[in-house]
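Each chain, written out:
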Amino acid sequence: MKFTVALIPGDGIGPDIVKEAVRVLDAVALTYGHEVTYKHLIAGGEAIDQTGQPLPEETLKEASSSDAVLLGAVGGPKWDNVPSSLRPEKALLGLRGGMGLFCNLRPALLYSQLADACPLRSELVEGGLDVMVVRELTGGIYFGKRGRSEDGAYDTMSYTKSEIERIARKAFEIAMKRKKKVTSVDKANILETSRLWRATVEEVAKDYPEVELNHLYVDNASMQLVRNPKQFDVILTENMFGDILSDEASMITGSIGMLPSASLRSDSFGMYEPIHGSAPDIAGQDKANPLATILSVAMMLRYTFSLQKEADAVEEAVRKTLDDGWRTADIFSEGTKLCGTRAMGDAVVSNIR
Ligand code: NAD
């Protein structure tokens, strides 16, 4: 297979971690007979320095015409005082909105080798944890009309049926490849958008009779996530609830440097990135954990290129690397082997070959 991947390393540790992820993708291509071409693009602080804009038109155009995008992270103290319309993070919203990426996938995966990092009691996560949060990304209250009145302010939440339908369909399709269980999260006892959400999800569910569907109110869901996280397979929810629940779910795994994410549209195109930021405190010091970005490559192989075997190979190589005892500083514990960004990349690459 031949494909073109746009690389947007960004700022801080972005270049360090994207470099290792690219080496892993190259190793997969070599091992399984694929041909990858890269486009090197700028966004975030680097782009502000070079062009005055966090998201140059050229970047959006070239990224959109690739098969997939791999992003590191953007931002840092150098750009903290630029006007808000020019902040590096604007590049992320611009890329997601500009490419119509309405579906955000955030797996919360607890590796048994890192179980100590989990803040919950060990019996709650025994045997590991694997939850996928499917969050609607381009609708809801973050995109509704907002404003100020004389002595107040308002934000509006609205959803169309088709917006709900397309994200629900993604969630059910993903559940079909996993444990076939969807938990739809809303606030249907209060919100009208939630009542439409629930009715629409019920309708979509009819096309997936093998998938078990249940509904939870968001307050209950946030409690259940820490009370009994293993009850979940796929959590489907709207934009703001998903923002909060996906952070909660990822914290259960305890290691921000381990978690990938994907933002997808209806076809196979997607943007893949670690959930963490640009970690300016450790940038350029060979200290960053590249595994979240490497696991983002696994998601790219699975969701954009439908290369299951190759995606499994990357995840297996990461597991083997942890089994062999390699740890960057953020996941280091006594009795394991401390390594840097580059050495972690080396270990994963050699486990793929
Ligand atoms: P952060 O995620 O960058 O860092 C939080 C802490 O986690 C830091 O101590 C950092 O060293 C550590 N950390 C993060 N990723 C790591 C990794 N791969 N390996 C080892 N340690 C890691 O969050 P922050 O400090 O709040 O933000 C720093 C900058 O990143 C800010 O400018 C923020 O706006 C930006 N940011 C960008 C994104 C993005 O590009 N998607 C997301 C969040 C924050």
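Residues numbered from 1 in each chain as written. Predicted model: local features only at pLDDT ≥ 70, side-chain atom pairs only at ≥ 80, totals over all residues. Heavy atoms only, no water.

## Overview of the site of the ligand
This is how the line gets drawn: One heavy atom within 4 Å of a molecule or strand makes the whole residue count as near it. Any N or O atom pair separated by 3.5 Å or less is treated as a polar contact, with the protein-specific requirement of one donor-capable and one acceptor-capable atom, and with residues adjacent in sequence counted only for side-chain atom pairs. When residues are grouped by polarity, Ala, Val, Leu, Ile, Met, Phe, Trp, Tyr, Cys and Pro land in nonpolar, Asp, Glu, Lys and Arg in charged, and all others, Gly among them, in polar.
Taken together, 20 residues sit near the ligand, with Val74, Glu89, Gly277, Ala279 and Asn289 positioned nearest. Taking valine 74, its main chain carries an N or O atom lying 2.9 Å from an oxygen atom of the ligand. Measuring from an oxygen atom of the ligand, one finds a backbone N or O atom of serine 278 at 3.1 Å. Each residue belonging to the shell around the ligand can be placed in one class, and the counts come to nine nonpolar, seven polar and four charged.

## Considering the packing of helix α7 (residues 218-227) against helix α8 (residues 239-253)
We apply this condition: Lines are fitted to the C-alpha atoms to define the axes, a helix being fitted only along its stretch in contact, and any angle between axes, read from their N-to-C directions, falls within 0 to 180 degrees. Helical segments are the DSSP runs of H or I of at least four residues, strand segments are the runs of E of at least two, and each set is numbered from the N terminus. Angles are sorted into four bins: roughly parallel if under 35 degrees, roughly antiparallel if over 145, roughly perpendicular if 65 to 115, and oblique for all others. Any two residues whose heavy atoms approach within 4.5 Å at even a single point are treated as in contact.
Contact geometry of α7 with α8 gives a least axis separation of 10 Å together with a crossing angle of 10°. Of the possible angle classes, the one that applies to α7 and α8 is roughly parallel. In this structure, α7 uses Val218, Ala221, Ser222, Leu225 and Val226 to contact α8, whose residues at the interface are Phe241, Leu245, Glu248, Ala249 and Ile252. The residue inventory of the contact of α7 with α8, partitioned by class, reads eight nonpolar, one polar and one charged.

## Quick notes on the environment of alanine 6
With respect to the secondary-structure elements, alanine 6 resides in strand β1 (residues 2-10). Distance from alanine 6 to alanine 63, taken between C-alpha atoms, is 5.6 Å for residues 57 residues apart in sequence. Dropping the residues within four chain positions of it, alanine 6 is found in contact with Lys39, Leu41, Ala63, Ser66, Ala68, Val69 and Leu70.

## Let's talk about helix α1 (residues 14-32)
In an α-helix there are 3.6 residues to a turn, and that puts residues three or four apart on one side. How we decide: Each helix should span, by expectation, one fewer than its residue count multiplied by 1.5 Å. Any residue under 20% of the maximum accessible area for its type is buried, any over 50% is exposed, and the rest in between are partly exposed; the area is computed with a 1.4 Å probe on protein chains only.
For α1, spanning 19 residues, the distance from its first C-alpha to its last is 27 Å, which sits close to the expected 27 Å at 1.5 Å a residue. Among the residues of α1, those classed as buried are Gly14, Asp16, Ile17, Val18, Glu20, Ala21, Val22, Val24, Leu25, Ala27, Val28 and Ala29. Just downstream of α1, glycine 33 is the residue with a positive phi angle, here 75°.

## Things to note about the domain arrangement of the chain
Definition in use: Each domain's limits were defined by an automated method or a database of domain assignments. Buried area is calculated as the accessible area (1.4 Å probe) missing from two parts once they are joined, with the contributions of both summed. Here, a salt bridge means any side-chain nitrogen of Lys or Arg that lies within 4 Å of a carboxyl oxygen of Asp or Glu.
Split into domains, the chain comes out as domain 1 (1-101 + 266-353) and domain 2 (119-252). Measuring from the centre of the C-alpha atoms in domain 1 to the corresponding centre in domain 2 gives 26 Å. Listed per partner, the contact involves eight residues of domain 1 and seven residues of domain 2. Of all residues in domain 1, Leu101, Ser266 and Tyr303 give up the largest surface area on contact with domain 2, accounting jointly for 52% of the area buried on that side. Connecting domain 1 to domain 2 are zero salt bridges. At the boundary of domain 1 with domain 2, the tally comes to zero residue pairs in polar contact (both at pLDDT 80 or more). Within the side of domain 1 that touches domain 2, the residues separate by chemical class into four nonpolar, two polar and two charged.

## Some thoughts on the nonpolar core
To keep it simple, the criterion reads: Each nonpolar core is a collection of buried residues, namely Ala, Val, Leu, Ile, Met, Phe, Trp, Tyr and Cys, held together in the definition by side-chain atoms within 4.5 Å.
Formed by 65 residues in total, the largest nonpolar core has its most connected members in Val5, Leu70, Leu105, Val134, Leu236, Tyr272 and Leu301. For this core, the element with the most residues is helix α9 (residues 291-303), which contributes nine residues. Looking at which domains feed residues into this core, each of domain 1 (1-101 + 266-353) and domain 2 (119-252) supplies at least three. If we ignore the near neighbours within four places in the chain, the residues touching leucine 70 are Val5, Ala6, Leu7, Ile8, Val18, Ala21, Tyr272, Thr293, Ser296, Val297 and Met300. Ala108, Leu120, Ile235 and Phe241 belong to the second-largest nonpolar core, a separate cluster that totals 20 residues.

## Comments concerning the packing of helix α10 (residues 308-323) against helix α11 (residues 341-352)
We count it as follows: Helix crossings get a hand from a simple test, with the near helix turned counterclockwise from the far one by less than a right angle marking a left-handed crossing and a clockwise turn marking a right-handed one.
Where α10 contacts α11, the axes come no closer than 8 Å and their chain directions differ by 120°. Looking at the two axes, α10 sits oblique to α11. Both α10 and α11 take part in a crossing whose hand is right-handed. Listed contacts from α11 to Ala313, Val314, Ala317, Val318, Lys320 and Thr321 of α10 are Met344, Ala347, Val348, Asn351 and Ile352. Residue classes in the contact of α10 with α11 are distributed as eight nonpolar, two polar and one charged.

## Considering the side chain of glutamate 136
Test applied: Positive: Lys, Arg. Negative: Asp, Glu. His and the chain ends are not part of the count.
Following the sequence through the fold, glutamate 136 ends up in strand β5 (residues 129-136). Salt bridges are absent for the buried glutamate 136, whose nearest opposite-charge side chain, arginine 166, sits at 4.3 Å. Sequence-distant contacts of glutamate 136, that is, excluding residues within four places in its chain, are made with Phe102, Tyr159, Arg166, Ile167, Trp197, Thr237, Glu238 and Asn239.

## Brief notes about the environment of serine 66
By secondary structure assignment, the location of serine 66 is in the loop between α3 (57-64) and β3 (68-73). For serine 66, a relative accessible area of 7% puts it in the buried group. For serine 66, the residues in contact, after removing those within four places along its chain, are Thr4, Ala6, Lys39 and Phe269. A polar contact is formed between the side chain of serine 66 and the backbone oxygen of glutamate 62, at a distance of 2.8 Å.

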